[in-house]
Amino acid sequence: MPIMADEEGLRIQCKSNKLFSSFFSKQFISAEILKYQDDTDDNTAFSILSLLRTDASKLKSPFKNYATQFVIQAIDVLVDNHTKINKQFLYSIMLKLASKGELNIPSIQDRVNNYSFLVPSHVIVELDKIGVISLILYFQRTSECSLKKLEWINQLFALALVPKQDPKPQEHDSLDHLLTAVIHVGFGELTTDLQKTISGQTVKFAVSLLNDLTKKCWDFLWENPEKELHAFEFPNEGLHLQLSAFKNCYLEQLAFLISYKLEIKPITAIKKQHDWTYYKSPKNVVNFIVQLLIPLEVVTVLEKIDEILNRYEINWKTLLLIVSTVQVCYPLGNKHLKALINSFVQRALDNLQMELLLASFLLARQINAENTSSHHYGVWFSSITSSSTSSKQFAFLLKFLTNIVRHEPAWVLLAHKNNPPSSIPIVDNCRTLWTDYSTLVRTRLEDFKLKQSCDQVLEDPELVKEVDSAISAFEKSDRRNRIIPQSFNEATIFHRTYFVNKFLPVLLKPRRIPDPPDVREEFIEELRKGGKLPPVQYQAYCTACQKLQNTPEIDRMDWQASDGNPSYKPLMNQIVLCNVARQQSQLIEQLDNILGGVLPPLESSTSVIKFNFDNNETKTKNYVAWKIAECWIDSLKSSHSNEKQLEWLNRYFLQCSRYPTFIESLYGLVWEFTHNCRGDEDTIRCYGLVIFLLCLNSHILLPVHHQAFEGAFSILLLDEDQLAMNKEDSILFHFRLFYYTVAEAKRQNQLDSVRRPSSLYIWLSRRIFHSQKMQQYKQYLALSQDVEFCKESKIRIRNWLKLEMAVDADMDVLLLSERLGYLHSVLQMDYQNVCMTELYTAILDSIIGCCNLTGRADCSKDLLLLLQSLLCKDQSALASDSSAWLIQYWLQFHHKKGNDMDQILWSVVCCLPPYLLSRNYYSQPIQAPSLKTLSNLIENNWRNTLTSESAWFPKFIASHLLSALEGTPSQEIPCLQFSAQIHFIHDAKVLSGNWRTLDKALNTFHPLMYNPQRAEIIQWSGLTEVDLLACQLMVLTAVVECAKGTNEELPLFIKELGSNISHNPNLLKAWKITFWTGDDCTLPWKKIIPTYLLNLLPFVILRSLISWSDMLLLTVSDYLDALVEAHNKWNQTTHSFLDLENGNENQSHANYPVGNILDLHTLGRLGSDVKQILKKAPLHFLKTFQQSPCYRSMETDYQEIVKQRY
């Protein structure tokens, strides 16, 4: 048995080795792992953990770090979704490591947080369950990217679509787990720790995500009623959270649905609510509402409905369906609904609120519809009309009923007729009002009977075709003397029975008779004159038509016709197709009457439109106006297709634009279209015309306000910063769009009103002209050949450069080889008279302004090539005694932007000829003022700002500066020489004295060629000056490491120097302050080292000397002197910070260590109150400090203090 046990152990060990090897080589689908993954067990898992420990030990790596790296690699594979991998086995290993606290959870969280895409739901849920990451923290990170909201919604929606009988229950578990977390963030009471972590933006993100998920589910269910969704089924695991979170969330979703898609108006609800009941609606739509109602009490739901009715616009179809569901599904639903309806009625009558009274009647009829009997509603109606105690209330109720009587269904009117009030106020004329209403109801019921009798005529399709043929034959006869065809006359005689019983009922169907009469009416009149029509039938026809004629044609209370189609849409099409000016004017007036009834007019308080780039918000807020604006734009397409003259369009436009919601919606549609850059030719032509109308009338249209901009919408739309030139074919799209705008303006002699579109058209036409697409779009280039037009459409140089930078290089019509020729051509044509210095600075501004933007390939490289080529030409136009323009530009730029943009500016400047830093062109003698300015910048400015992470200039900057100062005394600037030697870029011939000693010292120790984590093998030269300078380089390197704040420990080469100093006491001079700042120093360190490193130098020296105390105290006599000097100097350095702590304002603008200084950490160790220092520190210090690694490594409460100061 022991032998068998050993064999089993060897087998497991073999499996583990191969599995582990596969894991760490990332060969997760190798043949080896496929052999063993199916039978992996706890023994294998524990063996793999043992292997991890062994391997970590061999590599001298902490096991926690090694295991964390293993888990990160495993997560990468899970995210990649390798189908052949046993995922549960990986999870089991992670669980064992996490349960023992052997993982660096923050590192794993960071790794998962930094995926550019959304991690698959099943992975993120499992990792959260086993405690490897926090789902809520991951959600917090994804909320920073608005694009990931759609990914979240798609994942949740896909999980909600999985059928309940699906063999993968983990899909439903994942949905429950994810939804529970999101609801907890959006609607739950967060713990104290989470409140510190979860921002308000994340909470809003969660709420918005849930609303959008609800919207997607709701739309999907109406479009696919046979599909089942389980998005909001109450999860079992949700019970461990606050039940209130689910209640708040589900109540919010119901409220959202009630206010979603506001196209269903009250009058439509009156006519159609009998079809919106619980049992007639799609089953899965009703089930979705039931899911949201499950955790809610009926009183809570009805209170929310009451609140929404009083404050917001609503979708009546959704509200009534929710009411039906409450009525059917809640045992006490009927009781509470009746109480709510009665309270609505009482409030409506007390306050004379027509809208609330309408809601009361709709809700009463809805619960009656679920009882399948009109008896209950009739009894309720009688009680309501009888309860009106005052004549004022009774008159108000009757006025309401009279207003809606023509829209009421027959069963409602019958219930009103059969259930009169048991008592009517005897004062005033209340009985007369009821009598009038009763008469109106009876008349309306008679109309229903007439309509029913007319609808009973069976219209055979062949019979309808025969009637149409007879009318058509009649129409073809002579217009001045129309006669009935002979064949038809014979039919009326020989087939009289057929003619009277079949033909005439179809011909004499009641209708509205047009004025003047149409051909059909003329045909009927001719038959009457000829004695062909029986008098009874003709009289019945005339009576029925007269009744229809007396009924208003626009018989509705909202913007929809009875069939649900907008009544204004055909009217708009008639306007643009009408050829008669007078009729067209009448149609426009008729349209204005319709719009006046559904759109609010311009109020005196409306002076500006707050424009929002989010069109969904505008569309939701102004849904009706948005639909009207869409129809208005669609109607313009018809005018173009018929190539009509468009002078009348301006009146048509202004008639509609006097409604603020219409013009706001039109602004949104134009903005959306121009930024989507998609549309067929007719649509582009149509929107080009709209832009012309907006420009033409910009002085009278409502202005827009957006951020700092306030002015005409056409100016904002066509601003260089707002143009969307970053999509495929966006340039060709805008080119055609502006062509149609300008062409229409030119045709109407209104070019002065479209200066901006004209300039943009000329700009784009030149791009097209220089591209390979010129022949394809030649028809649109005609306007650009007009010389006078081009002169008047010239763009200022800076605006032109902004436009160039707005173009995404990857989406440009110009190839890389074509772009530079295009730029030179434009400069030659339009800007040859611009001062060269002005041109250079404008190009630099454009390049630098876009260098800090990421995520798109702009044309900055092309502009840089253009600037380089311009600088290579003869610059004799510049005065020989003028100062260097680039230095002047630098000073002005620095004054505006500060030090924040220095790195970006240097990245551009180093691509230009170096001499520009000291003169304007190569052959120009260097002017003393320019040289003095440059030297001052190097020594007093750049020495501190460009060396933020070292004591020397970056190599490319040092090389550039040396070339600029070639042949001048300023080339010997100490900090520049020091940097040059560090980077091996200085000419060896100029080295002498101490600089030659430095060159030798760099052979002993080089700051750029060491490993701070490993001991250095120092080959000392044996020369005192050289070795002393090498020690100073070591000290300086330690100071740089300390300033970075990456490691609080001294580098190993410093720790090991103690033994060398004990044998060679001369090396101790490198740790004496006088050899750095006094007369004894080898190099002018004060002119070399940045200020913040000089301030930190005593602290590093002090720490080094203390670490060697046991070794040097008895062997080196000067040790105590060096220690005391360092201690005194450090006290002097920190004195300014201690003054801040004590509230001494005299030091508030002292020259504190800049950037990555560890003063706050150090002062904390010295017992100082760091919080008090942060609260009293000057803002200019905190601004610099906030960008340092030291700040990022501070505790959260310290960071909060800094943020609050701003």
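Residues numbered from 1 in each chain as written. Predicted model: local features only at pLDDT ≥ 70, side-chain atom pairs only at ≥ 80, totals over all residues. Heavy atoms only, no water.

A look at the overall build of the protein chain
Now for step 1: A count of helices and strands for the protein chain gives 62 helices and three strands.
Now for step 2: Taken over 1206 residues, the protein chain has a buried fraction of 50%.
Now for step 3: Sequence separation of at least 24 residues holds for 75% of the intrachain contacts in the protein chain that already meet a minimum separation of 6.
Now for step 4: A total accessible area of about 57900 Å² is found for the protein chain, and carbon and sulfur atoms account for 51% of it. (Helix = DSSP H or I, 4+ residues; strand = E, 2+ residues; numbered from the N terminus. Buried < 20%, exposed > 50% of the residue type's maximum accessible area, 1.4 Å probe, protein only. Contact = heavy atoms within 4.5 Å. Areas by Shrake-Rupley, 256 points an atom, 1.4 Å probe, with all protein chains shown as cover.)

Some details on unusual backbone geometry
Now for step 1: Although it is not a glycine, Leu 352 sits at a positive phi angle of roughly 55°.
Now for step 2: Along the polypeptide, Leu 352 turns up in the loop between helix H18 (333-351) and helix H19 (354-370).
Now for step 3: Phi is positive for Cys 677, close to 55°, though the residue is something other than glycine.
Now for step 4: One can find Cys 677 in the loop between helix H34 (660-676) and helix H35 (681-696).
Now for step 5: You can call Cys 677 buried: its relative accessible area is 8%.

Comments concerning the packing of helix H13 (residues 243-258) against helix H16 (residues 298-311)
How two helices sit against one another is set out by the angle between their axes and by the gap between those axes.
Now for step 1: In the contact formed by H13 and H16, the axes pass within 11 Å of each other and the chain directions differ by 40°. Crossing angle aside, the handedness with which H13 passes H16 is right-handed. Contacts from Leu 251, Ala 255 and Ile 258 of H13 reach H16 at Thr 300, Val 301, Lys 304, Ile 305 and Ile 308.
Now for step 2: Residue composition of the contact of H13 with H16, by class: six nonpolar, one polar and one charged. (Axes fitted to C-alpha atoms, helices over the stretch in contact; angles between N-to-C directions. Left-handed = near helix turned anticlockwise from the far one by under 90°. Nonpolar A, V, L, I, M, F, W, Y, C, P; charged D, E, K, R; others polar.)

Structural notes on the confidence of the model for the protein chain
Now for step 1: Averaged over all residues, the pLDDT of the protein chain is 76; the fraction at 70 or higher stands at 80%.
Now for step 2: Across residues 1-5, where pLDDT falls below 50, the model places zero contacts with residues more than four positions away in sequence or in other chains.
Now for step 3: For residues 452-459, every residue scores under 50 in pLDDT, and the model assigns this stretch four contacts once sequence neighbours within four places are set aside. (pLDDT = per-residue confidence, 0-100.)

What to know about the pattern of salt bridges
Where charged atoms of side chains with opposite charge meet at close range, the side chains can pair.
Now for step 1: In the structure shown here, the tally under the stated rule is 19 salt bridges.
Now for step 2: A salt bridge links Asp 812 to Arg 819; its shortest N-O distance comes to 3.1 Å. Accessibility classification places Asp 812 together with Arg 819 in one group, the buried group.
Now for step 3: Each of Arg 767, Glu 804, Asp 812 and Arg 819 takes part in one network of salt bridges that share partners. (Salt bridge = Lys/Arg side-chain N within 4 Å of Asp/Glu carboxyl O.)

Focus on helix H47 (residues 955-964)
Now for step 1: Among all positions of H47, only Ile 957, Ala 958, His 960, Leu 961, Leu 962 and Ala 964 are buried.
Now for step 2: Those residues of H47 that are buried are in contact with helix H45 (902-909), helix H46 (928-945) and helix H48 (974-982).

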